[in-house]
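Letter by letter, the chains look like this.
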Amino acid sequence: MSNQLPFATEKNEVCPECGSQLVIRNGTHGPFLACSAYPQCHYIKPMRPSTENPIIKVLEGQACPQCGHDLVLKQGRFGMFIGCSNYPECEHIELIDKPDETKVSCPQCNTGHLLQRKSRFGKTFYACDSYPTCQFIINNKPIAGECEFCHYPLLMEKKGTQGVRLCCASKRCGKPQKES
């Protein structure tokens, strides 16, 4: 490994901690300024602010419930969200995609209801709302009903080449139901 420094900054800034020259380095989140005397000095400075979320639209007429300023639609790291225009003084945010609560009761614990959730990869699934005591989960939309073959108390919608069909939600049965 060579001891050459990357190209210098245009302004020839100096490190506020040790007085050495700051140089531009490249990291996983983009370029940043770092001290040229790196092993001895660990000073770094981002080239652009990391808390900046671009405002897509100002939602006029909708006030923040905490401070009264206008709400804005922003694009963040994890997708779009609604936040206060008075950020960082007010940190109020609202989610756009709230989970849908189905009125279908959980067939495993019989106390909870199934909620629509999203995995970290963005795929939709349905799980019991009394998690972690009940860990029931299905990948297809649950429908209240009873299987005509095994009498399992839950059906699910499966989309295929023949269209949408109702199937048993039991992993042991899984048979498609006859259309009535």
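None of these values were measured; they are calculated from a predicted model.

Participant: Help me get a handle on the sheet that holds strand S3 (residues 44–46), residues and values and all.
Facilitator: As summarised here, the arrangement of the three strands in space is S1-S2-S3, forming an open sheet in which the pairing is antiparallel. Each of the sheet's edge strands pairs with one partner strand only, and the pair in question is strand S1 (22–27) and S3. Strand-to-strand twist across the sheet, computed as the mean angle between neighbouring axes with direction ignored, equals 35°. Bridge analysis of S1 against strand S2 (residues 30–35) gives six bridges, and the strand direction is antiparallel. Bridge pairing in S2 places Ile24 opposite Leu33.

Participant: Run through the sheet that holds strand S7 (residues 93–94), naming residues and quoting values.
Facilitator: Across the sheet, which stays open at both edges, the four strands sit in the order S4-S5-S6-S7 with antiparallel pairing between neighbours. Only two strands of the sheet have a single partner each, and these edge strands are strand S4 (55–63) and S7. Pairing between S4 and strand S5 (residues 70–76): five bridges, direction antiparallel. Note that in S5 the partner of Ala63 across the bridge is Asp70.

Participant: Describe the confidence of the model for the protein, listing the residues and the values that go with them.
Facilitator: Per-chain confidence: the protein averages 82 in pLDDT, with 86% of residues scoring 70 or above. Of all helices and strands in the protein, the one with the weakest mean pLDDT is strand S8 (residues 101–105) (79), whereas strand S11 (residues 137–138) scores best (92). Every residue in residues 1–5 scores below 50 in pLDDT, and together they form two contacts with partners more than four places removed in sequence or on other chains.

Participant: Could you give an account of the pairing of strand S14 (residues 163–168), naming the residues involved and the relevant values?
Facilitator: Consecutive residues of a regular strand have side chains that alternate between opposite faces of the sheet. The pairing of strand S13 (residues 154–160) with S14 spans six bridges and is antiparallel. Bridging from a neighbouring strand, Lys158 pairs with Arg165 of S14. What sits between S13 and S14 in their antiparallel hairpin is a turn of two residues.

Participant: Which residues make up the pairing of S2, and what values do they have?
Facilitator: Two successive antiparallel strands, S1 and S2, enclose a turn made up of two residues. Sheet analysis places S2 next to S3, joined by three bridges and oriented antiparallel. Looking across to S3, one finds that Ala34 is bridged to Ile44.

Basis of the calculations
- Residues numbered from 1 in each chain as written.
- Predicted model: local features only at pLDDT ≥ 70, side-chain atom pairs only at ≥ 80, totals over all residues.
- Heavy atoms only, no water.
- Pairing = 2+ DSSP bridges.
- Helix = DSSP H or I, 4+ residues; strand = E, 2+ residues; numbered from the N terminus.
- Axes fitted to C-alpha atoms, helices over the stretch in contact; angles between N-to-C directions.
- pLDDT = per-residue confidence, 0-100.
- Contact = heavy atoms within 4.5 Å.

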